[in-house]
Amino acid sequence: MKRRPIYSTHIGAASILLIFLVLSLISFAALALVNSRADYILSKKMFERSISYYEACHEANGFIAENDPSFYSMDKDTELKKSIPLSDFQTLDVSFKASGADSTDSLSFKITEWCVVTHDEKANFDETLPVMKSSEQGGASFRHK
């Protein structure tokens, strides 16, 4: 009787599969952690922006209420304006004027502007893509032949 040789190629397959599975789980956990941190930072910024917007709206409503007695003596073409800062680059611009009937009982106002304005002259946008340095900056230069 001749014995057949046993080829054992499957001895380390389970260990290699287990190592690959653990490495992929670790990499997905790291990606999920990075993504959740980025989402947390973004939601924190959005919370601060919405709080500053609603505080500015509250201040604008106070400005309108503060000037309510002056509606009766105001000309209909006169417009009151106020710019309330939201951040370093944005303001809430509010303007209103008197409207309605000539009698003092039904005098009201019309809001002509209530918008968030971004002031680009103060912003410093970085629109460069530092993918490859040019030869003027001391980087490598590539020539096509």
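So, here's what we can say about the structure. The structure displayed is predicted, hence computed values, not measured ones. (Residues numbered from 1 in each chain as written. Predicted model: local features only at pLDDT ≥ 70, side-chain atom pairs only at ≥ 80, totals over all residues. Heavy atoms only, no water.)

Here's the deal with the pattern of salt bridges
On inspection of all chains with the given rule, the structure shows one salt bridge. One salt bridge in this structure joins Lys-82 and Glu-59, with 3.5 Å as the shortest N-O distance. Residue Lys-82 is found in strand E1 (residues 79–85), and its partner Glu-59 is found in helix H1 (residues 13–66); the two are separated by 23 residues along the sequence. Looking at Glu-59, the relative accessible area reads 38%, which means it is partly exposed. (Salt bridge = Lys/Arg side-chain N within 4 Å of Asp/Glu carboxyl O. Helix = DSSP H or I, 4+ residues; strand = E, 2+ residues; numbered from the N terminus. Buried < 20%, exposed > 50% of the residue type's maximum accessible area, 1.4 Å probe, protein only.)

Quick word on the environment of Ser-95
Along the chain, Ser-95 falls in strand E2 (residues 90–100). Distance in space between the C-alpha atoms of Ser-95 and Glu-113 is 5.0 Å, their sequence separation being 18 residues. Excluding residues within four positions of it along the chain, Ser-95 makes contact with Glu-79, Leu-80, Lys-81, Lys-110, Ile-111, Thr-112 and Glu-113. A polar side-chain atom of Ser-95 sits 3.2 Å from a polar atom in the side chain of Glu-79. (Contact = heavy atoms within 4.5 Å. Polar contact = N/O pair within 3.5 Å; in protein donor to acceptor, adjacent residues only side chain to side chain.)

Some thoughts on the nonpolar core
Grouped together as the largest cluster of nonpolar side chains are seven residues: Ala-56, Cys-57, Ala-60, Ile-84, Leu-86, Leu-92 and Val-94. For this core, the secondary structure elements donating two or more residues are H1 and E2. With three residues, H1 is the single largest residue contributor to this core. When near neighbours in sequence (up to four residues on either side) are disregarded, Ala-60 contacts Ile-84, Leu-92, Val-94 and Trp-114. By size, the runner-up hydrophobic cluster in this structure holds six residues, among which are Ile-64, Phe-71, Met-74 and Ala-98. (Core = buried A, V, L, I, M, F, W, Y, C linked by side-chain atoms within 4.5 Å.)

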